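Close look at the chain arrangement
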Amino acid sequence: AVGEVDVLFFQIGDSEYGTDASSVLRIDRALPDDLTVRELGLPHKGHRALVFDTPEGEGHLKVDAVNGVRTIPLAGLRRMPAAAAAASYAVGVCLDLDEGAGRPVLLIDLAETLKTQGRH
C-alpha cells in the first residue's frame, strides 16, 4: 500500500534492528565468513544470516534471530539526521509501535554494512 513499508526486524546480540524487507533475499544458515559489524554488536550465537543483494553478488549478515516482518506506516519512520554523524548504513529510525511504548529501532541499509567492512 502507498504510505507503508514492510520492515524486517532482527536481533544481533541484545539489540534489535530493522531493514527494508524487500532488500532481504532470504534467511539462511550463517557461515563462518559471514559479516558481523562490531558497531551493531556481536551475535550471541549468530546461527542465522540475512542474505541480501549487492552489485558484486550476495551479502550475508550474521544475526541471532529474525523477529518478524511488520508493515509500518511512513509516518512511523524517520530519516537519520545528518547532524547525528551516524554510520553510513544507519538510514533512519522506526518507532516500533507494536511493542507498546513506541521505542525507536535503528533501520539499516544491508548493502552499506559491507562497505564499512571494506567489502564492496
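The structure presented is a predicted model; accordingly, all values stated were derived computationally and were not measured.

**Focus: the sheet that holds strand E3 (residues 24-29)**
The 3 strands lie next to each other as E3-E4-E5, forming an open sheet whose pairing is antiparallel. Strands with a single pairing partner mark the edges of an open sheet, and in this sheet they are E3 and strand E5 (57-63). Neighbour-to-neighbour, the strand axes of the sheet open up by a mean angle of 30°, direction not taken into account. Sheet topology note: the strand E4 (residues 48-54)/E5 ladder contains 7 bridges and is antiparallel. The residue of E5 that forms the bridge with Asp53 is Glu58.

**What about the nonpolar core?**
Counting residues in each nonpolar core, the largest one holds 18 residues, and the members touching the most others are Phe10, Ile12, Leu40, Leu61, Ile108 and Leu110. For this core, the secondary structure elements donating two or more residues are strand E1 (4-12), E4, E5 and helix H1 (110-116). With 3 residues, E1 is the single largest residue contributor to this core. For Ile12, the contacting residues outside a window of four places in its chain are Tyr17, Leu40, Gly41, Leu42, Pro43, Leu61, Lys62, Val63 and Asp64. Among the nonpolar cores identified, the runner-up in size contains 7 residues, and Val7, Cys94, Val105 and Leu107 belong to it.

**Let's talk about the side chain of His60**
By the secondary structure assignment, His60 is in strand E5. Residue His60 is classed as buried on the basis of its relative accessible area of 18%. Setting aside chain neighbours within four positions, we find His60 in contact with Asp34, Leu35, Ala49, Leu50, Val51 and Phe52.

**Considering the environment of Gly68**
Within the element layout of this structure, Gly68 appears in strand E6 (residues 65-73). Sequence-wise, Gly68 and Val37 are 31 residues apart; in three dimensions their C-alpha atoms are separated by 21 Å. Gly68 has contacts with Val7, Leu8 and Phe9, leaving out every residue within four places of it along the chain.

**A word on the pattern of salt bridges**
Scanning the entire structure with this criterion turns up 3 salt bridges. Residue Arg26 pairs with Asp28 through a salt bridge whose shortest N-O separation is 3.2 Å. For Arg26, a relative accessible area of 34% puts it in the partly exposed group. Through salt bridges with shared partners, a single network forms among Arg26, Asp28 and Glu58.

**A few points about the packing of aromatic side chains**
Following the criterion strictly, the structure yields 1 aromatic pair and no others. When the centroid spacing of 6.0 Å and the interplanar angle of 35° are considered together, the rings of Phe10 and Tyr17 count as tilted. Considered together, Phe10 and Tyr17 belong to a single accessibility category, that of buried residues. A cation over a ring is seen here: Arg70 above Phe9, with NZ or CZ 4.1 Å from the ring centre.

Thresholds applied
- Residues numbered from 1 in each chain as written.
- Predicted model: local features only at pLDDT ≥ 70, side-chain atom pairs only at ≥ 80, totals over all residues.
- Heavy atoms only, no water.
- Pairing = 2+ DSSP bridges.
- Helix = DSSP H or I, 4+ residues; strand = E, 2+ residues; numbered from the N terminus.
- Axes fitted to C-alpha atoms, helices over the stretch in contact; angles between N-to-C directions.
- Core = buried A, V, L, I, M, F, W, Y, C linked by side-chain atoms within 4.5 Å.
- Buried < 20%, exposed > 50% of the residue type's maximum accessible area, 1.4 Å probe, protein only.
- Contact = heavy atoms within 4.5 Å.
- Salt bridge = Lys/Arg side-chain N within 4 Å of Asp/Glu carboxyl O.
- Phe/Tyr/Trp six-rings, centres within 6.5 Å; stacked < 30°, edge-to-face > 60°.
- Lys NZ or Arg CZ within 6 Å of the ring centre and 35° of its normal.

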